[in-house]
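# Structure at a glance
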Amino acid sequence: MRLPTDRRQDWGSEALPIHLRCYTRSAGAPQSEAAPLGRKPRAKPQPNDMVLIFDTETTIDATQRLRVLFYQLRISGRLDEEGAAYDPGALKPREIAVLRAYCVQRDLTEPITLDAFREEVFLGKGYDCGAEIVGFNLPFDLARIALDASVARVTKYRRKMRDAFTFKLSPNSRRPNVQVKHLSARASVIEFTAEYQQRSSRPDRKRDDYVPVHRGHFTDVKTLAAALTSRSHSLKSLTASLGTKTKKDESDEHGGPLTFAYLDYARSDVQATWECFTALRAKFRSYCLGTAHWEILSEASLGKATLSALGVQSWLAQNANPSPHLLAQILCSYFGGRTEVRWRKTVKEVFHTDFTSMYPSVCTLQGLWRFITATGFATHDATADTQALLESVTADDLQDQALWLRLPVLVRVRPSDDLLPVRAPYCREKNATIGLNYLAADSSIWVTLADCIAGKILSGKTPAIEEAIGFTPGPMQAGLKSIKLFGRHRFDPRSDDLFRRLIQLRIEEKGRAAKLIGAEREAAEDVAQSLKITANSTSYGIFVQVNVETEPSPVSVEVFGPDGESFVTKSRKVERPGPYFNPLLATLITGAARLMLALAESRAVTEGLDWVFCDTDSLALARPEGMAAEEFEAAAERVIEWFRPLDPYDCGSSILKAERANYAADDGKVREPLFCLAISSKRYVLFNIGSDGKPQIRKGSAHGLGHLRAPYRADDPAPGTPASVPLGEIELPRWQHDLWYRLVENALADRLNSTRYDYHPKLRRPALSRYAATNPGLWRWFATLNEGKPYADQVKPFGFLYALHTGRKAAAKSQHPIAPFDRSPELAVRKAFDRVTGDPIAAEGLQTYAEALAGYHMSPESKFRGGEAFDQGRTERRHVQARGFEFIGKEADRYEEAFLVDAGSELPIRYGSPQPPTADLQAALAAASAKFGDAAVGRAIGLPRSTVAKLKNGKAQFPRGQCPGISDRLRAMQAVEAEIIAREGKVIEGYRDAIQTQGSLRAAAHSLGIDPSNLSRRLRRLPEI
Amino acid sequence: MTPAQHTLQIIKFRRFRTLGTANPFCATCGECRWWARFELHHIAGRKYSALLIRLCQTCHNWISIMQTLLPSMGEGEDPRRAQLIAELEGSALLHDLAAAKHREAADMLRGLPGVLPDEASDDGGAQ
């Protein structure tokens, strides 16, 4: 199906509010997490040389109540005690007898009750003896062994555990509890609470010398594995990856009566966890960082530990009171990586390229290590130099590495249809996205010099700059230390560049690995991987880390904009910079990465090529119609070769590489035509076409799919798809492979827009997302279910739950369906209920997989023209007229939670804009009311009809913090009228095409996921029921 | 682990918490048995500086006695000079004591031909 091609006309400008990052701080006095004034910090003790490892096995119903657990106590690595514990309320007497007999036969200590385990083992040894406590997915296990759970208290001196759980371990209130705070899917902070007794002697207290609270030492093997391998693991995959002696078994007996075989399985999990722990601990020790392994919660922790080992102090530590306006200017210029689609829903032959270690590379080229090791940075006026540079610079000039050292410059421009990154809510979407578009504005904005150069290279137009600030690193820090990276490679931060050194070492290790075989090769590849993780973790994320805390009630926040303006607003969300926060580095890094992509795009055009998509550090070059295959490959190689002079590692090759997918899957050497189907940003698939004309998927994205539970197993593939697929190589689950396979088939047959998602019977079942109750807010959804029940019978924190969605046939549209965990998703769905009302929800009212996926192939690329649902073909950059600026905060806080469960939390924090209420706003309100009515305007701006009536007549004050939002929504109401008329035309044409293809209105409606009667009404432009 | 061993581990860990380290040792004689009594010694004397060093009780007693025998500062002495002098003298006392301990250890080894240092000490220095 093709849409009319006459849409490539002069679109003209479209007015959009532009979202800019800003700097904020609490309007009140900052509170420190440090000890109260006067207290001297005393060093925290290391754990004893004891390790307690345990693992729980639970029931398979919603409560996931503990049945039995096994534990090991090791002293200096030697097994000192191994035993089991059970919950008497969860086991039958016969099962307890089986457990006792098992322990006798396996020569374990006599099994003890859960109460005894908590007191004698967990607290008695884990706490009192200072043992290190180790487990796999520890938060889940801790919630199972607890006596009770509650929300962690937050005090003036301890805000760290906000939104955490407190698990009670003993009926004795003097004994400590355990607190767990979920940070991400891979990491949690786990600590003991303070014991209720005097820790310090009187003489010590008189000297203000206090013994610190014993917080314990918890190591979650899952967390450590994710940090050291840069991927999520199950215990099974981890044992396989590490090659431990004990492998994770499978068992079908969960929930069944206890048998010796099942108990062997449970016991071996503890041994497997211990072996994985020792392997990971040894791996971490090879980093030679001096940090304790239990402090490593993510790859970012590795980065921080590396910098700490080098004696590098953070910029914030040395600049306690940075200028808020300067920070606002810097943050205004900050945008994330560029991800775009140029050819949408169109199969194109491509040559997929990827930059080597993009962020470390641009760090090296710009000499940013000098900034990291400096005491701070100095600014100077660079307006004249920058203007001269911009006027004269060409793409070829950027092959000179020396020019990149001049890039640490921020530029103030008043955009006049200049090609720049633009963050805006395109097509009235709820959340803003970033696209490289033409921008015009009445006010100035700050951008990086790299973005200006990129815009000039791609558009030919040089932005007129008003001001430029150059940044130079300050004096080198005094306490820098030379270390041996991984215990072998001497590195001096005073004279070496960390990023260059790490990547050079990685290239050497990979080269060495290629010449080895077996275990030696694996060891070398392991080191190369560790070097890559260290380089990546020190080269970007930690510099832009901002932690968002949700206060119980709105607090005053001071917002600073880039033009020196500031205002105070109320917000429940407060941003606190991470320890290595340095927004200058963050914006320079991402700006230079966007410049790299712009250069690649420019070279592609010069060589007569096009491109299909780009994703932060990769670009898929597209073969134009009529170009011979050899010519295409030669042109792509020339694009790659152009970047050879930019190699900062002296390895003699280009930093732009051809991806493996461009070559045959079996040998990786012979070139095989690669094709691409891209839908929208981060949604694309790469495939070959076999001799039978069928697609062979090489690489696909899971974007927009990863939150759904697999509807069917790998051994039950969709009909019409290949029987055997190398899922390990393409790194996709079977059902996602089948989905992309179906989309590619349809695209090749030119019927992509009428894709149906019921090609497998199990796709007609309710769509499930499995989630864990990781914070008190999510756990409260089960408050009604848990009411009146003892903790053991409740749905517990970190227990699994299923998130569902309202279907087309739901009784009410505003339902919030969830279901408690059950091993069988079919049984779980039968217990679905509304988490707000507690009412049961019938399965018929739930959205199926087919319905949930219905719009997948129509996911819009709203940032560009030609990127709407039914559009396909080449997208075009928009011409945006800035309709005011709105300041936002961190863009991806709790993205997972909001996306999965539609928790209503806005993804970026929106602070509004500093414009005070004006008469214009009142006039705009009056005009909108005249056209749409007070009630409709009130609904749109979130105010009562009576308030709207008073505001338009000047009889009430506009609430200050809401003015920008009101202004935006009024403008949106005005614009929507014109857009609807324009869009409806295209949409209706799309519907007519679908009806023609499917043969009937009813079939077309099913394929589009719309009710047939509503489709009929839409065609007749009638309001829907 | 027997109940007695368990109690010992608890006491040991409490000691580590109080000391703020799991590897305590005396800076002059090298005493590192965790049950030894460690104290914090003001190198320059409490009056002049807050610089501290960890010593075993025996060494601390000896150093404190020697410190009292040092000549006192004049009434009008500049405080910064007084501090520097006190720190230097305190540091010298520590070095003297360390030197004496080293001579003791050397003499002991001379008296035990063929014995290695680990075997020569009471418990092998184990914690």
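Computed from a predicted structure; not experimentally measured.

Let us now look at the overall build of chain B. The number of helices and strands found in chain B is four helices and two strands. Scanning chain B from its N terminus toward the C terminus, one meets helices and strands in the order α-β-β-α-α-α. Counting over 127 residues, chain B shows a buried share of 31%. Relative to all contacts within chain B whose residues are 6 or more apart in sequence, the contacts with residues 24 or more apart total 50%. As displayed, chain B offers around 8300 Å² of accessible surface, 57% of which is attributable to carbon and sulfur atoms.

Another point: a nonpolar patch on the surface. A contiguous nonpolar surface patch, about 340 Å² in accessible area, is contributed by Trp62(B), Ile65(B) and Leu69(B). Its location among the elements puts Ile65(B) in helix α2 (residues 57-68).

Looking now at the sheet that holds strand β10 (residues 178-182) of chain A. Residues and elements named next belong to chain A. The strand order β8-β9-β10-β11 describes an open sheet built from four strands, whose pairing is antiparallel. The strands lining the two open edges of the sheet, one partner per strand, are β8 (148-151) and β11 (188-192). This sheet shows a mean twist of 20 degrees between the axes of neighbouring strands, independent of strand direction. Bridge analysis of strand β9 (residues 165-168) against β10 gives three bridges, and the strand direction is antiparallel. Looking at β10, one finds that Phe167 is bridged to Val178. Its contacts with the sheet place helix α3 (residues 138-145) against β9, β10 and β11, and it is angled at close to 40 degrees to β11.

A separate point is α2(B). Residues and elements named next belong to chain B. End to end, α2 covers 17 Å across twelve residues, agreeing with the expected 16 Å (1.5 Å per residue, within 8%). Buried within α2 we find Cys59, His60 and Ile63. End-on view of α2: buried residues confined to an arc of 100 degrees, all on one side of the axis. Exposed side of α2, more than 90 degrees from the buried face: Thr58 and Thr68 are the residues found there.

All names here are of chain A. Applying the stated criterion to the full structure yields 59 salt bridges over all chains. The salt bridge partner of Glu82 is Arg267, with a shortest N-O separation of 2.8 Å. Of this pair, Glu82 sits in strand β5 (residues 78-86) while Arg267 is found in helix α7 (residues 260-285), placing the two residues 185 residues apart along the sequence. The buried category is assigned to Glu82, whose relative accessible area is 13%.

Take the packing of aromatic side chains next. Residue and element names in this part refer to chain A. Summed over the entire model, instances satisfying the criterion amount to 35 aromatic pairs over all chains. With a centroid separation of 6.0 Å and 75 degrees between ring planes, the pair formed by Phe70 and Tyr102 is classed as edge-to-face. Of this pair, Phe70 sits in strand β4 (residues 66-75) while Tyr102 sits in helix α1 (residues 93-105); the two residues are 32 residues apart in sequence, bridging distant segments of the chain. Looking at Phe70, the relative accessible area reads 2%, which means it is buried. A ring pair is formed by Phe165 and Trp779, whose centres lie 5.7 Å apart and whose planes are at 80 degrees; its orientation type is edge-to-face. With Phe165 in strand β9 and Trp779 in helix α22 (residues 776-779), the pair connects residues that are 614 residues apart, well separated along the chain. A relative accessible area of 0% means that Phe165 is categorised as buried. Through a chain of ring-to-ring contacts, three or more aromatic side chains come together here, namely Phe54, Tyr71, Phe117, Phe122, Tyr127, Phe192 and Phe218. When the ring centre of Trp343 is taken as reference, the NZ or CZ atom of Lys348 above it lies at 3.9 Å.

Moving on: empty space enclosed by the protein. Residue and element names in this part refer to chain A. Under the criterion given, the structure shown has three cavities of 30 Å³ or more. For the largest cavity, the calculated volume is near 100 Å³. Lining the largest cavity are 16 residues, with Ser314, Trp315, Phe371, Ile372 and Asn582 positioned closest to its centre. Put simply, the parts of the chain that give the lining of the largest cavity at least two residues each are α9 (315-318) and α12 (369-372). Here the residues of the lining of the largest cavity are counted per class, giving nine nonpolar, seven polar and no charged. For the second largest cavity, the calculated volume is near 90 Å³. Forming the walls of the second largest cavity are Arg21, Cys22, Tyr23, Thr24, Leu331, Val546, Glu575, Pro577 and Phe581. When residues of the lining of the second largest cavity are traced back to their parent elements, those giving at least two are β2 (23-26) and β25 (566-577). Split into classes, the residues belonging to the lining of the second largest cavity amount to six nonpolar, one polar and two charged.

About the thresholds
Residues numbered from 1 in each chain as written. Chains lettered and ligands numbered in written order. Predicted model: local features only at pLDDT ≥ 70, side-chain atom pairs only at ≥ 80, totals over all residues. Heavy atoms only, no water. Helix = DSSP H or I, 4+ residues; strand = E, 2+ residues; numbered from the N terminus. Buried < 20%, exposed > 50% of the residue type's maximum accessible area, 1.4 Å probe, protein only. Contact = heavy atoms within 4.5 Å. Areas by Shrake-Rupley, 256 points an atom, 1.4 Å probe, with all protein chains shown as cover. Patch = residues over 30% accessible without salt bridge, like charges linked within 9 Å, V, L, I, M, F, W, Y side chains within 5 Å. Salt bridge = Lys/Arg side-chain N within 4 Å of Asp/Glu carboxyl O. Pairing = 2+ DSSP bridges. Axes fitted to C-alpha atoms, helices over the stretch in contact; angles between N-to-C directions. Expected span 1.5 Å × (residues − 1). Arc of directions from axis to C-beta. Phe/Tyr/Trp six-rings, centres within 6.5 Å; stacked < 30°, edge-to-face > 60°. Lys NZ or Arg CZ within 6 Å of the ring centre and 35° of its normal. 1 Å grid on protein atoms, 1.4 Å probe; cavity = no way out; pocket = protein on both sides within 12 Å on 5 of 7 lines; lining within 4 Å. Points joined across faces, edges and corners; volume = space filled by probe spheres on them. Nonpolar A, V, L, I, M, F, W, Y, C, P; charged D, E, K, R; others polar.

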